[in-house]
Amino acid sequence: MTATEMRATSLPEESSTREMTYLEAISDALREEMRRDETVICFGQDIGAFGGAFKVTDGFFEEFGAERVIDAPLAENAIIGAATGAAIEGLRPVCEMQFADFISCGFDQLVNVAAKLHYRQGVAVPIVVRLPSGGGFSGGPFHSQNPEAWFLQAPGLKVVAPAFAADAKGLMASAIRDPNPVCYLEHKGLYRNIRGEVPEGEHTVPLGEARVVREGEEASVIAYGSSVHLALEAAEALGEDVEVLDLRSLCPLDTDSILATARKTGKVLVAHEATRSCGVGAEVAAIVTENAFENLDAPVRRLTAPDVPIPFSPPLEQSVLPQLDDMKEALRELLAY
Amino acid sequence: MKRSDDAVASEGARERARDDLRRLAGHNGEHSRRGDHTVGNGATAEHGTTAEQTSGGDLLDREDRANLLLYMATMRAAEERGLTLYRQGKVPGSFYDGCGQEAISVGAAYALAPTDRMCILHRDLGAHFVRGVTPDRYLANYMGRAGGVTGGKDGNMHFGDRGLGCVGMVSMLPDMALVATGMAMAFKVRHEPRVAMTFFGEGSTANGQWHEAMNLAGVQRLPVVFILENNQFAYSTPNDLEFAVDPVERAHTYGFPGVTVDGNDVEAVFESAQAAVDRARAGDGPTLIECRTMRMHGHGAHDDMSYVPPEMFEEWSQRDPIDLYSSRLVSDLGFGPEDVDRIRAEAAATVDEAAAKALESPMPDPEIATDGVFAERWEALGDGKAPWSRWTGEHNGNGRTET
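Residues numbered from 1 in each chain as written. Chains lettered and ligands numbered in written order. Predicted model: local features only at pLDDT ≥ 70, side-chain atom pairs only at ≥ 80, totals over all residues.

**Re the overall build of chain A**
The helix and strand inventory of chain A stands at 13 helices and 14 strands. A globule of 337 residues ought to have a C-alpha radius of gyration of about 20 Å, and chain A, at 19 Å, matches this closely. With the C-alpha coordinates aligned to their principal axes, the bounding extent of chain A is approximately 60 × 45 × 40 Å. For chain A, the share of sequence-separated contacts (at least 6 apart) that also reach a separation of at least 24 residues comes to 78%. (Helix = DSSP H or I, 4+ residues; strand = E, 2+ residues; numbered from the N terminus. Rg over C-alpha atoms; globule rule 2.2 N^0.38 Å. Contact = placed C-beta atoms within 7 Å.)

**Let's talk about the interface of chain B and chain A**
With 45 residues of chain B at the interface, the matching set in chain A holds 37 residues. Put simply, the parts of the chain that give the side of chain B that touches chain A at least two residues each are helix H1 (5-9), strand E2 (166-168), helix H7 (175-189) and helix H8 (208-220) of chain B. The dominant element in the side of chain B that touches chain A, judged by the number of residues it contributes, is H7 of chain B, at eleven residues.

**Some details on helix H6 (residues 135-142) of chain B**
Residue and element names in this part refer to chain B. The element H6 is largely enclosed, with a buried count of eight among its eight residues. Looking at H6, one finds that the buried residues are Pro135, Asp136, Arg137, Tyr138, Leu139, Ala140, Asn141 and Tyr142. Check the buried side of H6 and you find it contacts helix H3 (62-87), helix H5 (125-131) and helix H12 (337-360). Downstream of H6 by one or two residues, Gly144 has phi in the positive range, about 70°. (Buried ≥ 20, exposed ≤ 12 C-beta atoms within 10 Å, placed from the backbone.)

**Description of the sheet that holds strand E3 (residues 196-201) of chain B**
Residue and element names in this part refer to chain B. The strand order E2-E1-E3-E4-E8-E7 describes an open sheet built from six strands, whose pairing is parallel. In the strand order of this sheet, the two ends are held by E2 and strand E7 (258-262), each with one partner. Here the strands of the sheet are splayed against their neighbours by 20° on average, with no regard to which way each runs. Two elements, strand E1 (residues 117-120) and E2, share three bridges in a ladder whose sense is parallel. Among the inter-strand pairings, Ile120 is bridged to a residue of E2, identified as Gly168. (Pairing = 2+ DSSP bridges. Axes fitted to C-alpha atoms, helices over the stretch in contact; angles between N-to-C directions.)

**So, the nonpolar core**
Residues Val129 and Ala231 of chain A together with Met72, Val225 and Ile289 of chain B are the most contacted members of the largest nonpolar core, which totals 221 residues. Among the domains, domain 1 (17-199) and domain 2 (211-336) of chain A are the pair contributing at least three residues each to this core. Excluding its chain neighbours within four sequence positions, the residues that come into contact with Met72 of chain B are Glu102, Ala103, Val106, Gly126, Val266, Pro321, Ile322 and Tyr325 of chain B. (Core = buried A, V, L, I, M, F, W, Y, C linked by C-beta atoms within 7 Å. Domains from an automatic or database assignment.)

**Points about the sheet that holds strand E13 (residues 268-275) of chain A**
By way of backbone hydrogen bonds, the strands of a sheet pair with one another, either parallel or antiparallel. Residue and element names in this part refer to chain A. In space, the five strands of this open sheet follow the order E9-E11-E10-E13-E14, with mixed pairing throughout. Strands with a single pairing partner mark the edges of an open sheet, and in this sheet they are strand E9 (211-214) and strand E14 (301-305). Neighbour-to-neighbour, the strand axes of the sheet open up by a mean angle of 25°, direction not taken into account. Bridging between E9 and strand E11 (residues 242-246) involves three bridges; their strand directions are antiparallel. Within E11, the residue paired with Arg211 across the bridge is Asp246. The strands that helix H11 (residues 280-292) touches are strand E10 (219-223), E13 and E14; relative to E13, the one it contacts most, it runs at about 155°.

**Observations regarding the environment of Gly144 of chain B**
All names here are of chain B. Structurally, the position occupied by Gly144 is in the loop between H6 and E2. Measuring from C-alpha to C-alpha, the distance between Gly144 and Pro362 comes to 9.1 Å, with 218 residues separating the pair along the chain. Not counting residues within four places of it along the chain, the set of residues in contact with Gly144 comprises Pro92, Gly152, Gly155 and Met363.

**Some words on the confidence of the model for chain A**
Predicted confidence across chain A gives a mean pLDDT of 96, with 96% of residues reaching 70 or more. Segment residues 1-8 of chain A is flagged for pLDDT under 50; beyond a separation of four residues in sequence, or across chains, it makes twelve contacts in the model. (pLDDT = per-residue confidence, 0-100.)

**Regarding the environment of Thr304 of chain A**
Residues and elements named next belong to chain A. Within the secondary structure, Thr304 sits in strand E14. The exposure class assigned to Thr304 is buried, which follows from the 22 C-beta atoms found within 10 Å. Those residues in contact with Thr304, other than ones at most four positions away along the chain, are His272, Ala274, Thr275, Arg276, Gly279, Gly281 and Pro322.

**Here we look at the pairing of E13 of chain A**
All names here are of chain A. Where burial is concerned, most of E13 is hidden: eight out of the eight residues are buried. The sheet contact formed by E10 and E13 spans four bridges and is parallel. Counted as the bridge partner of Ala223 is Ala271 from E13.

**Details of unusual backbone geometry**
A cis amide bond links Cys251 of chain A with the next residue in sequence, Pro252 of chain A, at an omega value of 0°. Take Pro252 of chain A: it is sitting in the loop between strand E12 (249-251) and helix H10 (255-265). Residue Leu173 of chain B is joined to Pro174 of chain B through a cis peptide bond whose omega torsion reads 5°. Mapping Pro174 of chain B onto the fold places it in the loop between E2 and H7. You will see that Gln232 of chain B, though not glycine, has its phi angle at about 80°, which is positive. Its 20 C-beta neighbours within 10 Å are what place Gln232 of chain B among the buried residues. You will see that Tyr235 of chain B, though not glycine, has its phi angle at about 55°, which is positive. One can find Tyr235 of chain B in the loop between strand E5 (233-234) and strand E6 (237-238).

**Comments concerning the domain arrangement of chain A**
Residues and elements named next belong to chain A. On domain assignment, one finds that chain A holds domain 1 (17-199) and domain 2 (211-336). Its C-alpha centre places domain 1 at a distance of 26 Å from the equivalent point of domain 2. Tallying the contact residues gives 25 residues for domain 1 and 22 residues for domain 2. Among the elements of the structure, helix H7 (148-152), strand E6 (158-160), helix H8 (165-177) and strand E7 (182-187) are those that each provide at least two residues to the side of domain 1 that touches domain 2.

**Digging into the pairing of E10 of chain A**
All names here are of chain A. In terms of residue burial, E10 counts as a mostly covered element, since five of its five residues are buried. Residues Ala219, Val221 and Ala223 point to one face of E10 and Ser220 and Ile222 to the other, with burial holding for every one of them. Pairing between E10 and E11: five bridges, direction parallel. Across the sheet, the residue bridging to Val221 is Val244, located in E11. Read as a crossover between parallel neighbours, the route from E10 over helix H9 (residues 226-238) to E11 is right-handed. (Right-handed = clockwise from strand over helix to strand, strands pointing away.)

**Here we look at the confidence of the model for chain B**
Residues and elements named next belong to chain B. Averaged over every residue, the pLDDT of chain B is 88; residues scoring 70 or more account for 83%. Across residues 20-54, confidence stays below pLDDT 50; counting only partners more than four residues off in sequence or on other chains, it has 54 contacts. Across residues 394-403, where pLDDT falls below 50, the model places 22 contacts with residues more than four positions away in sequence or in other chains. On the interface metric, ipTM, the complex scores 0.94, and its pTM is 0.91.

**A closer look at the packing of H10 of chain A against H11 of chain A**
All names here are of chain A. Packing of H10 against H11 brings their axes to within 10 Å, and their N-to-C directions diverge by 65°. As H10 runs across H11, the sense of the crossing is right-handed. The residues of H11 that touch H10, namely those facing Thr255, Ile258, Leu259, Ala262 and Arg263, are Val284, Ile287, Val288, Asn291 and Ala292. Considering only residue class, the contact of H10 with H11 consists of seven nonpolar, two polar and one charged. (Left-handed = near helix turned anticlockwise from the far one by under 90°. Nonpolar A, V, L, I, M, F, W, Y, C, P; charged D, E, K, R; others polar.)

Structure (structure tokens):
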């Protein structure tokens, strides 16, 4: 565990913790919630006896049985749509998209049915859609995407993107308990590379609260998911007094924390692995310039993937996805402005 | 194991459903028609199985038959009034109705128990009325008024009264088939003897989500009843440009029965629906019921139906479901002409009062336009009315006076 992650994992002193990977933390949250509340079910492709493509639900079938760990046919609209119906009738389904990219095949049910039902008819739809996202392993254009911006244009959906193991657990528990559809982006690159102390037993992290994971005075990196780790590594490597804000939730977005760090340092870099145009970076930059323009000492910068599909071949993929050197360069430029 | 408050809240509905099953079990000897279903019968007559072949028989008493006519007549009267309001400029957007299809939504919904659930579509106003929506709330919804079922948040037939166990449709078809399938999945997971029912047109059967719903329902053997309304046209597209094989024939390939009935015969629709509902409730899985009918108005009020061959329209005009049933009540079922006239007059009077009430309803306060995007908590849907005499007793009155 790095010093930065130690700092990032602020836990109540009395709670007992256990070190686990980001992936294990997601499993732990699911298991805890399924034990706590019998209405929680898992629904997705290959999640039953097989344990899921990434083994997040490994052992669940044995513990909870076929009625609560339900293997779905290869049909994403069926998964989201049937989960919506089941949620209306009192279950708390956690849907797994095998890869976040495949939400495109279930998008209609998500944005037209689940997202709008409460606004239109007062019918709550408490579903969680798990979205293994992100690139870096030659997954190519259909197994590497970060589709969060799609959801942010669909009012009625909440969106979270944890960067740390403890948050992965806490945000999952909160997402399951939330009465709305929640898109839960779990970055595949963090699954086994990120470890941390995670509270045992019940642990929730409120939706809509960002967290300062590194204090600093000279510049702010506002990031989420994998980019939080790039920012922490770059700040350590440069030895600069940089603050890092982990958004954790993208909807609701913690505007207060965004403006607080912008006003504190006066220099803001927004970083994400998703493509650039109309992404979270654009929204954060607009919020900062609309509300803290007079506190800024530099234009708000963005470090993102360019607007291209994620290519397959390693040198092409690395040239597209933000790398540590890109983060360091962006920070150096911002600090020098 | 601790339970969430939501789970505790739904416990009451579950108990009521168990009561329903016990009551149903008491009727099974005389009412079960499960064996009557035909599977994927491609050789059905032009208008499907005739009323004589699938008479409601002992399942329906005199009060039930009066109800069936009343609900159909109320649907017709309410939609005619809605069309008038549209032509008067009081309905924003367009206007959609189910003229000629009244027997389907009324006959199918009439088979449901209170704790059953529905996703109702845009040609199925009668189902809303059977479950307890009053015509004034329907007309107010069309006019975008505060007193509409959605309070102005959504228009025309895009509504469902959550308090009556109904989830309203979206424009994308047949999305609600999957939602109903999911409701049935919850019933199955909790071992509740409850049924979900939904409708879709034959046009929807070309869409991939229709397959996803049929397949999942078949794989999981879910308690869901699919009512396919073949009204001959998907907007302007006729059957022969929609599919090469009648969609009802696909049912058995998903592992459950498909039946075709005369969609203009309310008792035939009811009979097939109640058999499918009984079958689902008993744990035997889904049924697809194709109701053959004709959409006697345009897709919307803006559509002049120029694509419909005149002789086809004329043929179906001779088979109006309300006229057919009125005649049959008098000729075969012991009603006098004055009884039928009285029921139809009652429907007209109800709609007159409803229209006046809807017109008095204010437009919504613009302040609410941004309210309610997110839920603060989950709440169980309420139960619908179930006026069928099988269910009357402590659950419901007969439903007539409240239409």
